[in-house]
Amino acid sequence: MLLRLNQASRIIKSGGKKISLLDTINLNVKEGEFISLMGPSGSGKSTLLNCIGMLENFTDGGYVFLEEPVHSMKERDKTKLYKEYIGFVFQAYHLIDELTVQENIETPLLYKNIKSSERKALVADILDRFNIVGKKDLFPSQLSGGQQQLVGIARALISKPKLLLADEPTGNLNSKQGIEIMELFAELNIEGVTIIQATHSESNAAYGTRIINLLDGKIVSE
Amino acid sequence: MIRNYFKIAWRNLMKHKVFSMINIIGLTIGLSASFVIGLMIYYDATFDNFHKDSDRIYRVVTDFKSPEGLFHNSGITLALEDAIAEDSNFKTVSSFYIERPSKVENKAKDLEFKWPDFVIFTNQNYFNLFDYKFLAGNNQNILTNPNEVILTDKRAADYFPKMSPSEIIGKTLVYNDSLQVTVTGIVENFKDRTDFIFQEFISQPTLLQTRLKDNFIEKNWSNTNSNSQLFVKVNKSSNLPAIQARLDGLAKEHRDEESIKYGDEQIFTLQPLSDIHFNEDYGIYDWSKGQASLSLLWNLALVALFLLLLGCINFINLNTAQASQRAKEIGIRKTLGSSRKQLIGQFMGETFLLVLISAILSLILSKWLINLFSDFVPEGLSIELLNTPLIIIGIIILLLVVTFLSGFYPALILSKFNTVSVLKNHLASGEKKLKLRKFLTVFQFTIAQIFIIATLLVGKQINYLLNKDMGFKTDAIVSVYSPRAEGEISKKELYVQKLKAIPEIKEISIGGQAPASFSTHSSGMTYNNGEKEINAELQFIFGDKNYLKLFELELLAGRGHRNDTIKELVINETCRKFLGFKSPDEAIGKIIMIDDENIPIVGVMSDFNQRSLRSDIKPMALRGDWHRPDWSQFQAVHMAFQNESSENLKATLSKIEDTYKSVYSETDDYRAEFLDENIQRFYNRERKVSKLLNWATGLSILISCLGLLGLVIYTTNRRVKEIGVRKVLGASLLQINTMLCKEFLILVLIAFIIASPIAWFGINNWLQDFTYKTNISFWVFLLSGCAMLFFALLVISIKTLQAANANPVDSLRSE
């Protein structure tokens, strides 16, 4: 089992009122799964992804990742766990504008204190694999959306995460680029990467091995 | 990782060129000022700290307390040395006497040297106290016999050119035509910074063969001469209060009757070695070198600190304002696994890079600044001093402190951003951060405002001093000095005769100094009005019959003195009042006693300022040249011109000089001074202060306005959409500009309100030194406030007008 959510909730206060963003979620994710989270805007897909990715915290309930209790962990240990096992892909790519393609991909390795020579090799491998060797010295603003997202995914994968979290990865792309990205995800899943993606699109969701529907912070169907 | 950081820092610098420039300019100004001023402080603080046990060496100096005030003398009475020589509190007691021989000859080489400077008469103890390195000769049992001298290598090279130290030993020098003195040692000049610049050390017993013989045979307790110096080294165990008590006891014991009668008292004090370089009361040995002033150094340090602070504040303001632009990068880095500590590290690294760039620029600038501020910078200070280890360490520490001061807060703010909200573009600009920025801006403008007010008021005071009527004519008067020590009047009279042929000259007078000058002559006077005796110090000016007329000094009663040598006085109003005469007429014919002579008062003149306007008008009298031809007080020929404008001035001056040369054909020592220039020199210190303030003001306005510009650029950029909407709704250019400027101008106003009382207090304090003060006028504050507002408005408008002018369609479409 990769992760377990047990009665996990996220409730925030806004203007004196309590708003429940996630409501008693129970979810088990096994290694090698490809899960698609679906639901309308505001249903809690992104929040659930962020909480699983430890960018936000559940305010209630249990969260166990690789048999370690995340809910009772210190921030530092969380960062460690996160650095090691989780990769993120965003709808808006979120590349660092001041860094080149190559440097963007390299950044996670810097935070894992990997040696320069090894970093070079890893980055070269992944550039090769994603067919973007020719673009390695360009800045994000010089790339098309699809290419930026490719770099984003390459960056998420560089540290060989067990879990890839993708928040509407194709939301800003045209359909052809979208299909390419989804096929890449499917390929990665076959290689053993666990993927959880949030999406609006039925066709994208269909790439997943399991679809979870959310509404108002609750899982309504699986 | 580090490389990555620097890369991103560098690209960020290049991307935000305007902000980077503002930051670098601000920090560079602050750092340059700190470097130069730091060097000055280091330079002055490291004088004479290399002597062994320098913290235990003291100079014994004398303070005179009398009803007229406190006077200081760096010397002591000759008798004091013998009285304390055996005191067990002192490890070494060393005296020396500074005496400049008129001539030194090296007969063997036929070399003659006139008036060599820095010659002292001393003994073995001097060399026990101060460690000189002997290049030749024995360093034991030295200077015990008469007619021995030790030279420094520098002086030896003058007297005995091209000879090695050991060859010079045993050679003979002839002082003042009669004293045969043998060289017994050559010492090395001190390599470090020192105020002990003596070059020749003659054995003390030799004094008995000089004109000072009588003084040394019978050493007394009543004459104090600053040439007679005494140094002591106290024992480790001795306690200073006990020593002071012993010195006080000696002073009391030897107080003479006259001192008791007049309430005079002399106090011997120990002056620490480290104090000599700074204490203007007692002075240093080389008068040509300006003495270091502790208060000036303090003021300079304050200026540097303020400029540096302003630079740091700019940095903090701009970087926190810019934070939202970096927020995305921060969010991404956090999702990629960066810890907060790593982010703080990154931002501090960026700050350090910027500080480093500024530091390099500052080092280059410093060289130029040292020249620019040569009025303040000591002569021997050069940029090479930067190579000293202590300075290098100091600079590194300074850079780290500046990095921390300016970088830490922004780094904290930046690294605190919540990842998710940043990535979702929900960036709320915290109200609190805005408050801090406003506070810092107010702080900056307060400093700038204080500087502006101070500059205006100091300028006003200087202007007031220079333009205030001193009570006599100061314009278009030139004084030509006759050769030094000329006792005869005949040549001056001949000169005057010849000058009379020049039609441009209106009046000519032979006399001493002009009514206002740096020098004072005075004597005690006594007047008995039948009831009691009045004693006072009376100052003198010397002049012939024409003197009053030339300087347009008004005669209130009586007449001027009848001729140069008749013993008559023309007193001023202050003196008249002091002596208790009710009217000028009453004073005429009264007799006062000066130096046991009865002198009649023949006239009363109106008051005028005989010194700078810092000081009061003192009792004074005009007199002739009584002691001619033994010695003459008449050193100058004063001339007033017909025409006050500078027309033909040059031609007239060259005529005056030519005439001088025709009279004094044998000398080339022509000295002419303009009275108004001399009066300006009274206020050199004030003008230095003023120059410093001008710079500080300019720079602080520059830094503050740059910072303001940065903030304005930032806020207007954020409000582009609002501006667009308002324009669509029909707002005019002016309305939008007013809206944008308002919030900043309020800050400037607050700064003004805070600055005014502080500036008033400071200037009021400064003005206490002056007897004649300009008033601290309301309009100065108003003017400075308006100036600040004007500058701020100018800077703000550059950006706001541009923003208000932009086509709203562009800003709204991009949203």
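Residues numbered from 1 in each chain as written. Chains lettered and ligands numbered in written order. Predicted model: local features only at pLDDT ≥ 70, side-chain atom pairs only at ≥ 80, totals over all residues. Heavy atoms only, no water.

K.L.:
Explain the interface of chain A and chain B residue by residue, including any values.
P.N.:
Between chain A and chain B, the contact holds 22 residues from the first and 23 residues from the second. Around 2,200 Å² of area is buried between chain A and chain B when both sides are counted, 58% of it from carbon and sulfur atoms. The three residues of chain A that bury the most area against chain B are His94, Glu98 and Tyr111 of chain A, which together make up 33% of that side's buried surface. Our enumeration of links across chain A and chain B arrives at two salt bridges. For the salt bridge of Glu103 of chain A with Arg11 of chain B, the shortest nitrogen-to-oxygen distance reads 2.6 Å. At the boundary of chain A with chain B, the tally comes to three residue pairs in polar contact (both at pLDDT 80 or more). Taken together, the elements giving at least two residues each to the side of chain A that touches chain B come down to α2 (75-85) and α3 (101-111) of chain A. Of all the elements, α3 of chain A adds the most residues to the side of chain A that touches chain B, at five residues. Split by residue class, the side of chain A that touches chain B holds ten nonpolar, six polar and six charged. (Contact = heavy atoms within 4.5 Å. Buried area = accessible area lost by both parts, 1.4 Å probe. Salt bridge = Lys/Arg side-chain N within 4 Å of Asp/Glu carboxyl O. Polar contact = N/O pair within 3.5 Å; in protein donor to acceptor, adjacent residues only side chain to side chain. Helix = DSSP H or I, 4+ residues; strand = E, 2+ residues; numbered from the N terminus. Nonpolar A, V, L, I, M, F, W, Y, C, P; charged D, E, K, R; others polar.)

K.L.:
Give a detailed account of the packing of aromatic side chains, specifying residues and quantitative values.
P.N.:
Residue and element names in this part refer to chain B. Within the structure shown, the criterion is met by 41 aromatic pairs over all chains. Taking 6.5 Å as the distance between ring centres and 65° as the angle between the ring planes, the aromatic pair formed by Phe196 and Phe198 counts as edge-to-face. Both residues of the pair, Phe196 and Phe198, count as buried. The ring of Phe540 carries the charged tip of Arg623 above its face, separated from the ring centre by 4.6 Å. (Phe/Tyr/Trp six-rings, centres within 6.5 Å; stacked < 30°, edge-to-face > 60°. Buried < 20%, exposed > 50% of the residue type's maximum accessible area, 1.4 Å probe, protein only. Lys NZ or Arg CZ within 6 Å of the ring centre and 35° of its normal.)

K.L.:
Now, about the pattern of salt bridges: what can you tell me, with residues and values included?
P.N.:
Scanning the model with the defined rule gives 29 salt bridges over all chains in all. A salt bridge links Glu99 of chain B to Arg211 of chain B; the shortest N-O distance between them is 3.1 Å. Within this pair, whereas Glu99 of chain B is found in the loop between β3 (90-98) and β4 (103-106), its partner Arg211 of chain B is found in the loop between β11 (200-203) and α7 (213-217), the two being separated by 112 residues in sequence. Judged by its relative accessible area of 67%, Arg211 of chain B falls in the exposed class. Connected through shared salt-bridge partners, Glu103 of chain A together with Lys7 and Arg11 of chain B make up one network.

K.L.:
Can you lay out the nonpolar core for me, pointing to particular residues and giving the numbers?
P.N.:
Residues and elements named next belong to chain B. Counting 85 residues, the largest nonpolar core has Leu31, Met40, Leu381, Phe472, Phe551, Leu553 and Met605 as the members making the most contacts within it. Among the elements that take part in this core, helix α2 (residues 17-45) stands out by supplying twelve residues, more than any other. If we skip the residues at most four places from it in the chain, Leu381 touches Leu39, Met40, Tyr43 and Ile370. Judged by nonpolar contacts, the second largest core, of 40 residues, contains Met525, Cys575, Met639 and Tyr660. (Core = buried A, V, L, I, M, F, W, Y, C linked by side-chain atoms within 4.5 Å.)

K.L.:
Give me the lowdown on the packing of α2 of chain B against helix α13 (residues 340-372) of chain B, citing residues and values where you can.
P.N.:
Residues and elements named next belong to chain B. Taken N-terminus to C-terminus, the directions of α2 and α13 make an angle of 50°; their axes are 7 Å apart at the nearest point. Overall, the two elements α2 and α13 adopt an arrangement that is oblique. Remark: the crossing between α2 and α13 carries right-handed chirality. For the pair formed by α2 and α13, the contact residues are Asn23, Ile24, Leu27, Thr28, Leu31, Ser32, Phe35, Val36 and Leu39 on the first element and Leu354, Val355, Ile357, Ser358, Ala359, Leu361, Ser362, Leu363, Leu365, Ser366, Leu369 and Ile370 on the second. Among the residues making up the contact of α2 with α13, the classes are represented as 15 nonpolar, six polar and no charged. (Axes fitted to C-alpha atoms, helices over the stretch in contact; angles between N-to-C directions. Parallel < 35°, antiparallel > 145°, perpendicular 65-115°, else oblique. Left-handed = near helix turned anticlockwise from the far one by under 90°.)

K.L.:
Now, about the sheet that holds strand β24 (residues 671-674) of chain B: what can you tell me, with residues and values included?
P.N.:
Residue and element names in this part refer to chain B. Spatial strand order, β15-β23-β14-β24: four strands in an open sheet with antiparallel pairing. At either margin of the open sheet sits one strand with a lone partner, and together these are β15 (505-511) and β24. Sheet twist, expressed as the mean angle between neighbouring strand axes with direction ignored, is 20°. Of the pairings in the sheet, the one linking strand β14 (residues 477-481) to strand β23 (residues 636-641) comprises five bridges and is antiparallel in character. When the sheet's bridge partners are listed, Val480 is paired in β23 with Val637. (Pairing = 2+ DSSP bridges.)

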